[in-house]
Amino acid sequence: MSERKNEEALRRRDFLQLVLGTSAGLLLTPGKAFLRTAGRKETGLKILVLGMDGLDTVLLQRYLEAGKLPHFQKLAASGSFKPLRSSIPPQSPVAWANFITGTNPGGHAIFDFVHRDPQTYLPVFSASESLPARHQLRLGQLTIPLSGGQVRNLRRGRAFWQILEDYDIPATIFKIPSNYPPVETRQRTFSGMGTPDLKGYYGLFNYYTNEYKTVTEEYGGGGRVHDVYVIGNRVEARIPGPNNPFKKGNPETFVDFKVFIDPVQPVAKISYQDQEFILREKEWSGWKKIRFEFIPSQSVSGLCLFYLKEVRPKFKLYVSPINIDPADPALPLSTPESYSRELARKFGPFFTKGLPADTAALENDVLDEKEFLQQDELVYQESMAMLEEELNNFRSGLLFFYFSNTDQRQHMFFRLIDRDHPAYDEKLAAEFGRVIENTYQQMDRALQLALEKVDRQTVVVVMSDHGFCPFRRGFNLNTWLLRNGYHVLRPGRRPEEVSLFQTTDWSRTRAYGVGLNALYLNLKGREAQGIVRPEEKLPLLRELAYKLEQVTDPLTGERVILKAYISQEVFSGAHVAEAPDIILGFNRNYRISWNSPLGSFPRELIENNPQKWSGDHMTAPDLIPGVLLANRPARLESPALEDVTAGILSLFGVKIPPEISGRPVF
């Protein structure tokens, strides 16, 4: 079981490394400065939106009925509580983009966590891309950028706060996902999910130990293990930083540090640069600044947390991903740029990485459940302090504030409320089985704070982008395509040994899977080696959709895919042609495996998920709606994310642009 789990984790990390390795590369140039500030028009109405990622209708109702969420109950009684229809597929980058633009994915062009390059058939990150400096000067081993690089947001369509800006209605948008880098605006915005760490990864921790330990490095949120030696109660190591854009080959930068271990007590002193601090075993350091030098006149600043896990008998030190320093950001974090520095002056260092909880450290057993929750509690407390500050300054217009805790904890702890999950552990469930319930109660306290701070005329909305369900079994889409004759491999290697479509015979392959819910045709004129003629496209899609919806799990007898959506039939807008050809809407308990998106063809068609990442939201959206609560009655019986967007604009008396597909929910 342990070997199988490690194999699954390896495949997952390989997938994320492939997807994000080239797309999230760090460009150490500040974003465009938006020097003007939004007009502070006094509006007769204020709207507060609390975005709680992944808040689930079924679980919320359960805790409401148990009397554990008094402030959610109060809000629902004062207006409305309804399931909120999510996006197709209900992935966070897609769903929040629906809300931001008021359109479906055909309008905003975010269809999955990853897309594919039709020339190479390989995954690429969907939300943003990094463009290097166009002109460089090379002097020996130095490379001098003569023009700045750029980080580009790939979401299309206008954000609702840009529309409000047209009417001089002020807005503060705090950490909404699908807004990295933050789009140009005079409004106050701070980027959220999608924001990388200082290395350009989506969270890369470092772990220093003299105990044998392996962690597969991944660009999407993983870590590195550094073997160290304790010599004379002293450890010497180094922390890797961003690649040096000024040196030939862009080598990694490093900061050396030393650890002095007390010979008797479980205490150590850590020293680097101008920092020196003492940690006891099982103690977190709080934020520490770290600076990486490129050349004498150029450097970048970051932030990290140290956690002294163990002194003896083995040495174990965790260092968090290096967060971008909001006081001196090397990458664009906010609009205007001064907003980031303003927050840093008020609160000191804080989390800037898009998803701050280190789920990869928990998955790799670098942090245990208790240690992971200690770290994520720092995120929650920091968010509460910032919410209170924003509420104190909320005078007019709109305030959106985002919480990530609900999403990240449900991903990692669903296994402990689902006895049928392959990773269910009775002992752990006794200790951590109420983590999700406690997290919903923390959201209730956030709502309490909001209700105490706003006046009676303020419209208060709580919303989530999707719900949650167990992820028990994984479906290997490319294996299914291979077995059913839609994908063909050249002879010479066993299918289960293949990855990245290395032996695919594209001259005979009609379909392939890349991404977490996506199937593409090998379409002539679009893919580099396409063979499916345009007139064959729709009949083939209908054939595939029908057959996929008939797939049943021999272990359970359940259908694996509840609905296979043909994109051109469910999407509208200017970017439908860029969509995957079919979006898989999985049944409850199922989602794509970690293998199939890598262009792999595992022997098993459907396999258990033994990982701690045990809850997910890649099903058909009707199975896991989000949540909408407000102190105003909802006009619509079955509202969708886009309807909330239209409702916000309507409440402010703003004319709804024709590209917005939503109808006002209020």
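Values in this document were obtained by computation on a predicted structure and should not be read as measured data.

### Examining the packing of helix α3 (residues 70-78) against helix α12 (residues 435-453)
- Following both chains from N to C, one finds α3 and α12 inclined at 55 degrees, their axes separated by 7 Å at the closest point. By the angle between their axes, α3 is oblique relative to α12. Residues Pro-70, His-71, Phe-72, Lys-74 and Leu-75 of α3 touch α12, and the partners they reach there are Tyr-440, Met-443, Asp-444, Leu-447, Gln-448 and Leu-451.
- Among the residues forming the contact of α3 with α12, the class breakdown is seven nonpolar, two polar and two charged.

### Structural notes on the sheet that holds strand β26 (residues 518-521)
- Ordered in space as β25-β26-β28-β27, the four strands form an open sheet in which the pairing is antiparallel. Looking at strand neighbours, the two that pair on one side only are β25 (511-513) and β27 (561-566), the edges of this open sheet. Adjacent strand axes in the sheet meet at a mean angle of 25 degrees when their direction is disregarded.
- Pairing of β27 with strand β28 (residues 582-586) involves five bridges; the strand directions are antiparallel. Residue Ile-561 lies in a different strand from β28, and its bridge partner there is Phe-586.
- Here helix α14 (residues 534-549) sits on the sheet in contact with β25, β26, β27 and β28, set at roughly 170 degrees to β27.

### Examining the sheet that holds strand β14 (residues 252-261)
- Spatial strand order, β13-β14-β15-β16: four strands in an open sheet with antiparallel pairing. Every other strand in the sheet has two partners, leaving β13 (234-243) and β16 (275-280) as the edge strands with one partner each. Strand-to-strand twist in this sheet, taken as the mean axis angle between neighbours without regard to direction, amounts to 25 degrees.
- With eight bridges connecting them, β13 and β14 associate as antiparallel partners. The residue of β14 that forms the bridge with Asn-243 is Glu-252.

### Overview of the nonpolar core
- The biggest cluster of nonpolar side chains holds 88 residues, and the ones touching the most others in it are Phe-72, Phe-306, Leu-317 and Phe-413.
- Here the element with the most residues in this core is α12; it accounts for eight residues.
- Residue contacts for Phe-413: discarding those within four places in its chain leaves Leu-362, Glu-369, Phe-372, Leu-373, Phe-432, Val-435, Ile-436 and Ser-614.
- One finds Leu-164, Phe-400, Val-459 and Phe-666 within the second-largest nonpolar core, a separate group that totals 38 residues.

### Some thoughts on helix α16 (residues 641-651)
- By the criterion of burial, α16 is predominantly enclosed, with nine of the 11 residues buried.
- Along α16, the positions that sit buried rather than exposed are Leu-641, Glu-642, Asp-643, Val-644, Thr-645, Ala-646, Gly-647, Ile-648 and Leu-649.
- Downstream of α16 by one or two residues, Gly-653 has phi in the positive range, about 75 degrees.

### Points about the confidence of the model for the protein
- Looking at the protein as a whole, the pLDDT averages 91, with 90% of positions reaching at least 70.
- A low-confidence stretch, residues 1-38 stays under pLDDT 50, and its non-local contacts, those more than four residues away or across chains, total 108 contacts.

### Section: the packing of aromatic side chains
- Under the definition given, this model contains 37 aromatic pairs.
- The interplanar angle of 80 degrees and the centroid separation of 6.4 Å between the aromatic rings of Phe-190 and Tyr-339 together place this pair among those described as edge-to-face. Of this pair, Phe-190 sits in strand β10 (residues 188-191) while Tyr-339 sits in helix α7 (residues 337-347), and the two are 149 residues apart along the sequence.
- A relative accessible area of 0% means that Phe-190 is categorised as buried.
- Judged by its relative accessible area of 1%, Tyr-339 falls in the buried class.
- The interplanar angle of 55 degrees and the centroid separation of 5.5 Å between the aromatic rings of Phe-401 and Phe-403 together place this pair among those described as tilted.
- On the basis of relative accessibility, which here comes to 0%, the residue Phe-401 falls in the buried class.
- Using a relative accessible area of 0% as the deciding quantity, one classes Phe-403 as buried.
- Ring pairing ties together the aromatic residues Phe-174, Phe-190, Tyr-339, Phe-350, Tyr-380, Phe-401 and Phe-403, which thus form one cluster.
- Geometry around Phe-260 places Lys-269 over its ring, the cationic atom sitting 5.3 Å from the centre.
- Over the ring of Phe-413 we find Arg-415; its NZ or CZ atom is 5.6 Å from the centre of that ring.

### Concerning the pairing of strand β22 (residues 397-403)
- Of all the seven residues making up β22, seven are buried; the element is thus mostly covered by neighbouring parts of the structure.
- The pairing of strand β1 (residues 46-52) with β22 spans seven bridges and is parallel. Bridge pairing in β22 places Ile-47 opposite Leu-398.
- Alignment of strand β9 (residues 171-176) against β22, held across four bridges, turns out to be parallel. Along β22, the bridge assignment pairs Phe-174 with Phe-401.

Calculation rules
Residues numbered from 1 in each chain as written. Predicted model: local features only at pLDDT ≥ 70, side-chain atom pairs only at ≥ 80, totals over all residues. Heavy atoms only, no water. Axes fitted to C-alpha atoms, helices over the stretch in contact; angles between N-to-C directions. Helix = DSSP H or I, 4+ residues; strand = E, 2+ residues; numbered from the N terminus. Parallel < 35°, antiparallel > 145°, perpendicular 65-115°, else oblique. Contact = heavy atoms within 4.5 Å. Nonpolar A, V, L, I, M, F, W, Y, C, P; charged D, E, K, R; others polar. Pairing = 2+ DSSP bridges. Core = buried A, V, L, I, M, F, W, Y, C linked by side-chain atoms within 4.5 Å. Buried < 20%, exposed > 50% of the residue type's maximum accessible area, 1.4 Å probe, protein only. pLDDT = per-residue confidence, 0-100. Phe/Tyr/Trp six-rings, centres within 6.5 Å; stacked < 30°, edge-to-face > 60°. Lys NZ or Arg CZ within 6 Å of the ring centre and 35° of its normal.

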